[in-house]
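In case you want the letters, here they are:
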Amino acid sequence: MTKPMPAARHHDEGVQEARDALKKLNLTHRARRNRKTEWSRRLVRENVLTTSDLIWPLFLIEGEKRQEPVAAMPGVERLSVDAAVRAAVKAAELDIPALAFFPYTEAELRDPLGKEALNPDNLVCRACRAIKREVPHIGLITDVALDPYTTHGHDGVMRGEEILNDESVAVLVEQALNQTRAGADVIAPSDMMDGRVAAIRAALDAEGFESVQIMSYAAKYASAFYGPFRDAIGTKGVLIGDKRTYQMDPANAEEALREVAEDIEEGADMVMVKPGLPYLDIIRRIKDTFPIPTFAYQVSGEYAMIRAAALNGWIDGEKAMLESLLAFKRAGASGILTYFAVEVAEKLQRHA
Ligand code: PBG
């Protein structure tokens, strides 16, 4: 119920009234002063995104000289090992610190136990060896979980409808050792079985790999935002049921803190929250509670949303990409796994 402005009233009168009102407010602080110029905005900026914050997830496929687009992730391709080596060279040139690998596995290499995970010559191991040879100074992060290799698409061993915990951990430990022997620098268990960090740490140490790091997917939620990823690794239409008996309930936050506490206790060097943007509160709470490097995974569905809207002309894709990544820094993330890594690094380099 606003009163209509009297027609005869002059604009300047209104301004004078506003000034008087502000004077009464005793407006000593004007937040806009610091925002007035670009140099000032730069001086007062609290967070920055740098190339050192980026981890680039790569999808691998068999064959040679293959680059196959992932339908639901425009701009992302599955790469054969030789193409992955070239991608690693490019990432190193852009100063991206680390890569993370995810294999697309053909149906004939899948079985209920995910045995291909233990093959010393599987795609991930070959990529690790090839990239270590050609690009020795880039970090290699490998995902520990059986879903790329199982016929049911679950991260662990299945009996009936149940995903068995301890039986899964036994296989995951072997998978972690297999990756480490191939040259992985960071073992990243994403399976969400209980106790896997301790078991992997013990096995690594027993084989003399005490300096290999563990980045635990500590707070990984049963999320709809993984959809495009499952297409990328070939588990779309394969997955039986869902992952709610081992991945976290999106309704829970305190539970994430317990997961992180346990993983730190078990020997994790770094922890991760996944998905990213919808779970910034979790990153912040972890950072406020534990002194441990905490990473965020901007997952496939988050990437797809930004890309799709940009391709439709509904948002400015580049700005949305940068803003979303900066938001992770503001929330306290030590770094971000993002499919935008190369694009962002190129952009940051142009503006350096
Ligand atoms: C599975 C795994 C998933 C992702 C990384 N590792 C999917 C899942 O749990 O089903 C998702 C990544 C993404 O969506 O980008 N171990």
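Read on for a plain summary of the structure.

Here is what the cut-offs are and how they apply
- Residues numbered from 1 in each chain as written.
- Predicted model: local features only at pLDDT ≥ 70, side-chain atom pairs only at ≥ 80, totals over all residues.
- Heavy atoms only, no water.
- 1 Å grid on protein atoms, 1.4 Å probe; cavity = no way out; pocket = protein on both sides within 12 Å on 5 of 7 lines; lining within 4 Å.
- Points joined across faces, edges and corners; volume = space filled by probe spheres on them.
- Helix = DSSP H or I, 4+ residues; strand = E, 2+ residues; numbered from the N terminus.
- Nonpolar A, V, L, I, M, F, W, Y, C, P; charged D, E, K, R; others polar.
- Near = heavy atom within 4 Å.
- Polar contact = N/O pair within 3.5 Å; in protein donor to acceptor, adjacent residues only side chain to side chain.
- Patch = residues over 30% accessible without salt bridge, like charges linked within 9 Å, V, L, I, M, F, W, Y side chains within 5 Å.
- Areas by Shrake-Rupley, 256 points an atom, 1.4 Å probe, with all protein chains shown as cover.
- Salt bridge = Lys/Arg side-chain N within 4 Å of Asp/Glu carboxyl O.
- Lys, Arg positive; Asp, Glu negative; His and termini not counted.
- Charge placed at Lys NZ, Arg CZ, Asp CG, Glu CD.
- Buried < 20%, exposed > 50% of the residue type's maximum accessible area, 1.4 Å probe, protein only.
- Arc of directions from axis to C-beta.
- Contact = heavy atoms within 4.5 Å.
- Phe/Tyr/Trp six-rings, centres within 6.5 Å; stacked < 30°, edge-to-face > 60°.
- Axes fitted to C-alpha atoms, helices over the stretch in contact; angles between N-to-C directions.
- Parallel < 35°, antiparallel > 145°, perpendicular 65-115°, else oblique.
- Left-handed = near helix turned anticlockwise from the far one by under 90°.

**Some details on the layout of surface pockets**
By volume, the largest pocket is sized at about 540 Å³. Lining the largest pocket we find 15 residues, and of these L49, L322, K347, L348 and H351 sit closest to its centre. Listing elements by their share of the lining of the largest pocket, those giving two or more residues are α11 (317-331) and α12 (341-350). Considering each element in turn, the lining of the largest pocket owes the most residues, five residues, to α11. Across the lining of the largest pocket, the residue classes break down as six nonpolar, four polar and five charged.

**Quick word on the site of the ligand**
Around the ligand, a shell composed of 18 residues is seen, among which R230, K243, K274, S300 and Y339 lie nearest. Between the ligand and the protein, one listed contact pairs a nitrogen atom with a side-chain N or O atom of S190 at 2.7 Å.

**Some details on a positive patch on the surface**
Together, R19, R30, R32, R33, R35 and K36 make up a region of like positive charge exposed at the surface. Taking relative accessible area as the criterion, R32 reaches 67% and is therefore assigned exposed.

**Comments concerning helix α9 (residues 280-289)**
Turning to α9, its buried residues are L280, I282, I283 and I286. All buried residues of α9 lie within an arc of 160 degrees about the axis, which places them on one face of the element. Those residues of α9 hidden inside the fold are in contact with β9 (213-220), α8 (254-266), β10 (270-274), β11 (294-298) and α11.

**Describing the packing of aromatic side chains**
On inspection of all chains with the given rule, the structure shows ten aromatic pairs. Centre to centre, the rings of Y303 and F340 are 4.6 Å apart; their planes meet at 45 degrees, and the pair counts as tilted. Note that Y303 is positioned in helix α10 (residues 300-311) and F340 in the loop between β12 (335-338) and α12, a separation of 37 residues in sequence. Judged on exposure class, the residue Y303 and its partner F340 are both buried. In this structure an aromatic cluster arises from ring pairing among F59, F102, Y217, F229, Y297, Y303, Y339 and F340.

**Let's talk about a negative patch on the surface**
Taken together, E162, D166, E167, D194, E262 and E265 make up a surface patch of like negative charges. Among the elements of the structure, α5 (165-181) and α8 are those that each provide at least two residues to the negative patch. Turning to its location among the elements, E262 is positioned in helix α8. By relative accessible area, E262 is classed as partly exposed at 42%.

**Looking at the packing of α5 against helix α6 (residues 196-206)**
Taken N-terminus to C-terminus, the directions of α5 and α6 make an angle of 45 degrees; their axes are 9 Å apart at the nearest point. Considering the angle they form, α5 stands oblique to α6. Like other packed secondary-structure pairs, α5 and α6 cross with a definite hand, here right-handed. Residues V169, V173, A176, L177 and T180 of α5 form the contact with α6, whose participating residues are R196, A199, I200, A203 and L204. Residues belonging to the contact of α5 with α6 are distributed by class as follows: eight nonpolar, one polar and one charged.

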